[in-house]
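Structure at a glance
The lines below spell out each chain.
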Amino acid sequence: MEQQLDYAAVRAAAGRLSGAVRPVAVAPAAEGVWYALEYLQHTGSFKARGAHNFLAAHRDAGTLPAAGVTIASGGNAGLACAWAARAQSVPATVFLPVNAPRVKVERLRGYGADVRLVGERYAGALAVCEEFAATSGALSSHAYDHPLIAAGAGTLLDEIRAGLPGLDAVVVAVGGGGLFAGVAAAAREHGVRVIAAEPENCRALNAALEAGRPVDVTVDSVAADSLGATRVSAAALAAAQEKNVRSVLVPDGAITAARRALWEEHRIVVEAGAATALAALRSTPEPPGERVAVILCGANTDPADLAAPGR
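Treat the numbers as computed from the prediction; the structure is a model and nothing was measured.

**A word on the overall build of the protein chain**
Looking only at helices and strands, the protein chain features twelve helices and ten strands. In terms of overall size, the protein chain behaves like a compact globule, its C-alpha atoms giving a radius of gyration of 18 Å where 311 residues would be expected to give roughly 19 Å. With the principal axes as the frame, the protein chain shows a C-alpha extent of 55 × 45 × 40 Å. In the protein chain, which comprises 311 residues, the share counted as buried stands at 53%. Partitioning the intrachain contacts of the protein chain with sequence separation of at least 6 by distance along the chain shows that 70% fall at a separation of at least 24.

**So, the pairing of strand E1 (residues 26-30)**
For E1 and strand E2 (residues 33-36), the ladder comprises four bridges, and the chain directions are antiparallel. When the bridges of E2 are listed, Pro28 appears paired with Trp34. Counting the residues in the hairpin turn of E1 and E2 gives two residues, including Gly32, whose phi is positive at 80 degrees.

**Quick notes on the nonpolar core**
Ranked by internal contacts, the top residues of the largest apolar core, which has 75 residues, are Tyr35, Val170, Leu179, Phe180, Val294, Ile295 and Leu296. Excluding residues that lie within four positions of it along the chain, Val294 makes contacts with Val33, Trp34, Tyr35, Ala36, Val171, Ala277, Leu278 and Leu281. Residues Ala77, Trp83, Val94 and Leu96 belong to the second largest nonpolar core, which totals 31 residues.

**Some thoughts on the pattern of salt bridges**
Here the structure, examined in full by the defined rule, presents twelve salt bridges. Among the ionic contacts, a cluster of salt bridges with common partners joins Arg11, Asp158 and Arg161.

**Notes on the pairing of strand E3 (residues 69-72)**
Burial along E3 is two-sided: Val69 and Ile71 and Thr70 and Ala72, pointing in opposite directions, are all buried. Across four bridges, the pairing between E3 and strand E4 (residues 92-96) is parallel. Each bridged residue has a counterpart across the sheet, and for Thr70 the counterpart in E4 is Thr93. Bridge analysis of E3 against strand E6 (residues 139-140) gives two bridges, and the strand direction is parallel. By the bridge assignment, Thr70 is partnered in E6 with Ser140.

**Considerations on the packing of helix H1 (residues 7-17) against helix H2 (residues 47-61)**
At their nearest, the axes of H1 and H2 sit 9 Å apart, and the two run at 90 degrees to each other. Put simply, H1 runs roughly perpendicular to H2. In this structure, H1 uses Ala13, Arg16 and Leu17 to contact H2, whose residues at the interface are Arg49, His52, Asn53, Ala56, Ala57 and Asp60. Its residues assigned to classes, the contact of H1 with H2 comprises four nonpolar, two polar and three charged.

**Focus: the sheet that holds strand E8 (residues 193-199)**
Pairing is mixed across the open sheet formed by six strands, whose spatial order is E1-E2-E10-E7-E8-E9. Two strands lie at the open edges of the sheet, namely E1 and strand E9 (245-250), each paired on one side alone. Averaged over all neighbouring strand pairs, the angle between strand axes comes to 25 degrees, with direction disregarded.

**Some remarks on the environment of Pro65**
Looking at where Pro65 falls in the secondary structure, it is placed in the loop between H2 and E3. With 54 residues separating them in the primary sequence, Pro65 and Arg11 have C-alpha atoms 25 Å apart. Aside from chain neighbours lying at most four places away, what touches Pro65 is Val90, Gly137, Ala138 and Leu139.

**Brief notes about the state of the cysteines**
Within the structure shown, the criterion is met by zero disulfides. Free cysteine Cys129: the closest other cysteine sulfur is in Cys81, separated by 8.7 Å. The closest cysteine sulfur to the non-disulfide-bonded Cys297 is located on Cys202, 12 Å from its own sulfur.

**Some words on the sheet that holds E3**
With respect to topology, four strands assemble into an open sheet ordered E5-E4-E3-E6, the strand pairing being parallel. Edge positions in the sheet fall to strand E5 (114-117) and E6, since each of these pairs with one other strand and no more. The strands that helix H3 (residues 76-87) touches are E3 and E4; relative to E3, the one it contacts most, it runs at about 170 degrees. Here helix H5 (residues 122-136) sits on the sheet in contact with E3, E4, E5 and E6, set at roughly 160 degrees to E3.

**Side note on unusual backbone geometry**
With the exception of glycine, most residues fall at negative phi, and the peptide bonds are largely trans. One non-glycine residue, Thr43, lies in the positive phi region at around 70 degrees. The residue Thr43 is located in the loop between E2 and H2 in this model. The class for Thr43 is buried, based on a relative accessible area of 5%. Phi is positive for Ser89, close to 60 degrees, though the residue is something other than glycine. For Ser89, the position within the fold is in the loop between H3 and E4. Taking relative accessible area as the criterion, Ser89 reaches 66% and is therefore assigned exposed.

Analysis parameters
All residue numbers refer to position in the chain's written sequence, counted from 1. In keeping with the predicted nature of the model, local features appear solely for residues at pLDDT of at least 70, side-chain atom pairs appear and are counted solely at 80 or more, and the whole-chain, interface and lining totals rest on all residues. Only heavy atoms go into the side-chain values, all of them from the structure, while hydrogens and water stay out. Each helix is a run of H or I in the DSSP string that is no shorter than four residues. Each strand is a run of E no shorter than two, and both are numbered from the N terminus. What the globule rule says is 2.2 Å times the number of residues to the power 0.38, and the radius of gyration is computed from C-alpha atoms. For each residue, the accessible area found with a 1.4 Å probe, counting protein chains only, is set against the maximum for its type, and the residue is called buried under 20%, exposed over 50%, and partly exposed in between. For this analysis, residues touch if any pair of their heavy atoms sits within 4.5 Å. Whether two strands pair comes down to DSSP finding at least two bridges between them. The set of buried Ala, Val, Leu, Ile, Met, Phe, Trp, Tyr and Cys residues whose side-chain atoms join them within 4.5 Å is what this entry labels a nonpolar core. Definition used for salt bridges: Asp or Glu carboxyl oxygen within 4 Å of a side-chain nitrogen of Lys or Arg. Each axis is a line fitted through C-alpha atoms, and for a helix only the stretch in contact is used; angles between axes span 0 to 180 degrees, taken between their N-to-C directions. Geometric relationships in this document are graded by angle, where less than 35 degrees denotes roughly parallel, more than 145 denotes roughly antiparallel, 65 to 115 denotes roughly perpendicular, and other angles denote oblique. Residues were grouped as follows: Ala, Val, Leu, Ile, Met, Phe, Trp, Tyr, Cys and Pro as nonpolar; Asp, Glu, Lys and Arg as charged; and all remaining residues, including Gly, as polar. Note that a disulfide, as used here, is simply two cysteine sulfur atoms within 2.5 Å.

Written out as structure tokens, the structure is:
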């Protein structure tokens with residue numbers, strides 16, 4: 001079982017994901033711009049790819065325990081982990097803070113997860129999750145910082161290239177960096193440029209590039225629910241230091257406007273994190289290529305505010 005992130009790992013992940021995930025649809029959006037509609041994926045985000053690859057690789061290696069898998073995440077990663085565990089017929093134990101939204105708890109339970117509410121903050125839930133993994137023998141998963149998770153996410157790039165031959169550049173939102181690192185590994189193989197998009201006040205990757213190492217950042221953005229990692233993965237930083245990658249920061253106002261434009265112009269509803277990618281492209285003075293794909297990575301959001309007066 002590979003424990004590094006490179007194109008070979010992405011190709012191996014593609015084999016495991018075949019028939020298990022929905023191939024991404026690519027739709028024309030404007031002249032020279034296409035949308036990769038990954039929000040149509042199982043569980044509503046790209047996270048299903050990494051979660052399935054992680055568990056399938058362990059299954060193939062004979063290292064998937066009967067105790068199943070555990071994760072601390074009430075967001076897209078938790079949903080994907082529970083979905084993938086159900087597909088592998090193993091238990092998923094998901095730890096959340098006690099104030100987690102009820103809708104997330106119910107969705108997790110709908111996927112068959114054992115949901116445990118502990119602590120007031122994510123850090124508390126994570127600590128108990130780690131203790132549970134150590135005592136139960138359950139496999140500990142991560143939202144983004146694992147080669148198998150990132151490689152699974154990276155399978156998106158080849159699917160986009162299949163739907164959009166001659167792809168020049170791809171725009172991807174960055175939180176902890178799993179999707180970005182995986183996509184960048186595949187993009188590097190094919191000479192595709194990558195625009196790494198982050199909110200101005202949620203900039204773990206950009207700050208790591210400045211410092212030359214992963215550093216903790218404060219998180220304060222409309223997109224923090226999905227891009228709110230306080231520290232980017234080492235793999236993401238390494239990918240961002242390659243010559244075919246550019247880091248772009250966008251203000252919250254631009255993210256909100258991009259999310260609104262997706263609804264008004266295309267009737268597409270995505271979360272603010274996904275709209276961050278489009279906001280970055282809209283803020284770029286010159287197009288990064290003649291054929292550019294914007295990854296719309298997730299849609300686990302409340303669409304009600306899009307129809308609210310004055311918004």
